[in-house]
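Read off the chains here:
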Amino acid sequence: MKGMLVIISGPSGSGKGTVVKNLNYSLSISVTTRKKRPTEQHGVDYFFCTEEEFVYMRENNELLEHAAYVGQYYGTPRKYVEDQIDQGKVVVLEIEVNGALQVKEKFPEAVLIFLVPPTIHELARRLAFRNTEDSLEVEDRMQRALLEVQLIDRYDYLVINDELDVAMTEIETIVTAEFLKPHRSKMRIERFTLER
Ligand code: 5GP
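In this text the structure is predicted, and so the values were computed from the model without any measurement.

The rules behind the values
- Residues numbered from 1 in each chain as written.
- Predicted model: local features only at pLDDT ≥ 70, side-chain atom pairs only at ≥ 80, totals over all residues.
- Heavy atoms only, no water.
- Near = heavy atom within 4 Å.
- Polar contact = N/O pair within 3.5 Å; in protein donor to acceptor, adjacent residues only side chain to side chain.
- Areas by Shrake-Rupley, 256 points an atom, 1.4 Å probe, with all protein chains shown as cover.
- Helix = DSSP H or I, 4+ residues; strand = E, 2+ residues; numbered from the N terminus.
- Salt bridge = Lys/Arg side-chain N within 4 Å of Asp/Glu carboxyl O.
- Buried < 20%, exposed > 50% of the residue type's maximum accessible area, 1.4 Å probe, protein only.
- Pairing = 2+ DSSP bridges.
- Contact = heavy atoms within 4.5 Å.
- Axes fitted to C-alpha atoms, helices over the stretch in contact; angles between N-to-C directions.
- Phe/Tyr/Trp six-rings, centres within 6.5 Å; stacked < 30°, edge-to-face > 60°.

Student: Before we move on, could you go through the site of the ligand and cite the residues and values that matter?
Tutor: Around the ligand, 16 residues are found, and the nearest of them are Ser-30, Arg-34, Tyr-46, Tyr-74 and Glu-96. Between the ligand and Glu-96, the relevant distance is 2.7 Å, taken from a nitrogen atom to a side-chain nitrogen or oxygen of the residue. Protein burial of the ligand: of its 510 Å² of free accessible surface, 96% is covered by the chains. Going through the elements one at a time, strand S5 (63-69) and strand S6 (72-77) are the ones with two or more residues in the shell around the ligand.

Below, the structure is given as structure tokens:
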């Protein structure tokens, strides 16, 4: 059976990073031109690259999708995702809305989940608490967050990240339910028919 492509988006500060790292699925590591934060590791959090390297990958069709976000480029390396899907795995992309909608256009069977913090005040608090961006960038990210939430209706599911355990269980439930949809279970149905 083919795997599943699950895309998780949500405003910066919605806690997406923590949620996806704790899920027991294959996590795609993006390439970005953004500067590495002190707590981040190359090859774990991102593949950090120069703008020239990014453009080279994009021009050589090595990226499944790509987008600019607050002045930096981000993209999903194609090969890892395709290999994992072929092996029947669930692959999670933690990406912003433009990239997510690009993928949905190309692969309508991709499952789009939008993750939000309980309130916009909570979002501002989480961003400020994170302390990894200067105040101008925090403001840019808040503005961007307000734009992104307007696209929630283009997503398949909305998960509110109030408590980590609850949000994770809801995402696992979505994946289970998606696998039970007839178009994904077709191979199992065909096998059953042949066995009778
Ligand atoms: P951050 O700089 O906080 O790590 O990420 C900024 C935004 O870029 C987040 O919304 C994150 O989900 C998104 N992002 C990370 N990797 C990718 C990617 O490969 N493609 C796209 N389109 N967005 C990404």
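Okay, back to it.
Student: Can you break down the pattern of salt bridges residue by residue, with the values?
Tutor: Taken as a whole and assessed by the stated rule, the structure comprises 16 salt bridges. The salt bridge involving Arg-144 is made with Glu-148; its shortest N-O contact spans 3.4 Å. Here the residue Arg-144 and the residue Glu-148 both occupy positions in helix H6 (residues 135-149), the gap between them amounting to four residues, near one helical turn. Of the two residues examined, Arg-144 and Glu-148, each falls in the buried class. Of the charged contacts in the structure, one is a salt bridge between Lys-181 and Glu-178, with a shortest N-O distance of 2.9 Å. A relative accessible area of 4% places Glu-178 in the buried class.

Student: Can you tell me about the sheet that holds S6, naming the residues and giving the values?
Tutor: By definition, the strands of a sheet pair up through backbone hydrogen bonds, in either a parallel or an antiparallel sense. Overall, mixed pairing links the four strands, which are arranged S4-S3-S6-S5 in an open sheet. What marks the edges here is a single partner per strand, and that holds for strand S4 (47-48) and S5. Examined bridge by bridge, strand S3 (residues 31-32) and S6 share two bridges and lie antiparallel to one another. Its bridge partner being in S6, Val-31 is matched across the sheet by Gly-75. Sheet strands touched by helix H3 (residues 78-86): S5 and S6. Its angle to S6, the strand with the most contacts, is close to 30°.

Student: Give me the lowdown on the sheet that holds strand S7 (residues 90-94), citing residues and values where you can.
Tutor: If you trace the five strands from one edge of the open sheet to the other, you get S2-S7-S1-S8-S9, paired in parallel fashion. Looking at strand neighbours, the two that pair on one side only are strand S2 (26-27) and strand S9 (157-160), the edges of this open sheet. Of the pairings in the sheet, the one linking S2 to S7 comprises two bridges and is parallel in character. Its bridge partner lying in S7, Ser-26 is registered against Val-91. Helix-sheet contacts for helix H4 (residues 97-106) involve strand S1 (4-9), S7 and strand S8 (111-116), and the interaxial angle to S1 is about 155°. Relative to S9, helix H7 (residues 164-179) is tilted by about 160°, and along the sheet it contacts S1, S7, S8 and S9.

Student: Mind laying out the packing of aromatic side chains, listing which residues take part and the relevant values?
Tutor: Two aromatic rings, taken as a pair, are described by how far apart their centres are and by the angle between their planes. Evaluation of the coordinates by the stated rule reveals five aromatic pairs. Seen from their ring centres, Tyr-69 and Tyr-74 are 6.0 Å apart, and the 90° between their planes marks the pair as edge-to-face. Considered together, Tyr-69 and Tyr-74 belong to a single accessibility category, that of buried residues. Counting every residue linked through ring pairs, the aromatic cluster contains Tyr-46, Phe-48, Tyr-69 and Tyr-74.

Student: Residues and numbers for unusual backbone geometry, please.
Tutor: In this structure, Asn-61 takes a positive phi of about 60° despite not being glycine. Phi is positive for Val-70, which is not a glycine, with a value near 45°. Within the element layout of this structure, Val-70 appears in the loop between S5 and S6. Take Val-70: its relative accessible area is 28%, and that puts it in the partly exposed class.

Student: Lay out the pairing of S1 with the relevant residues and their values.
Tutor: Extensive coverage of S1 is indicated by the burial of six of its six residues. Along S1, one buried face is formed by Met-4, Val-6 and Ile-8 and the opposite face, lined by Leu-5, Ile-7 and Ser-9, is buried too. Note that S1 and S7 share five bridges and pair parallel. When the sheet's bridge partners are listed, Val-6 is paired in S7 with Val-92. Pairing analysis gives four bridges linking S1 to S8, with the strands arranged parallel. By the bridge assignment for S8, Ile-8 is matched with Ile-113.

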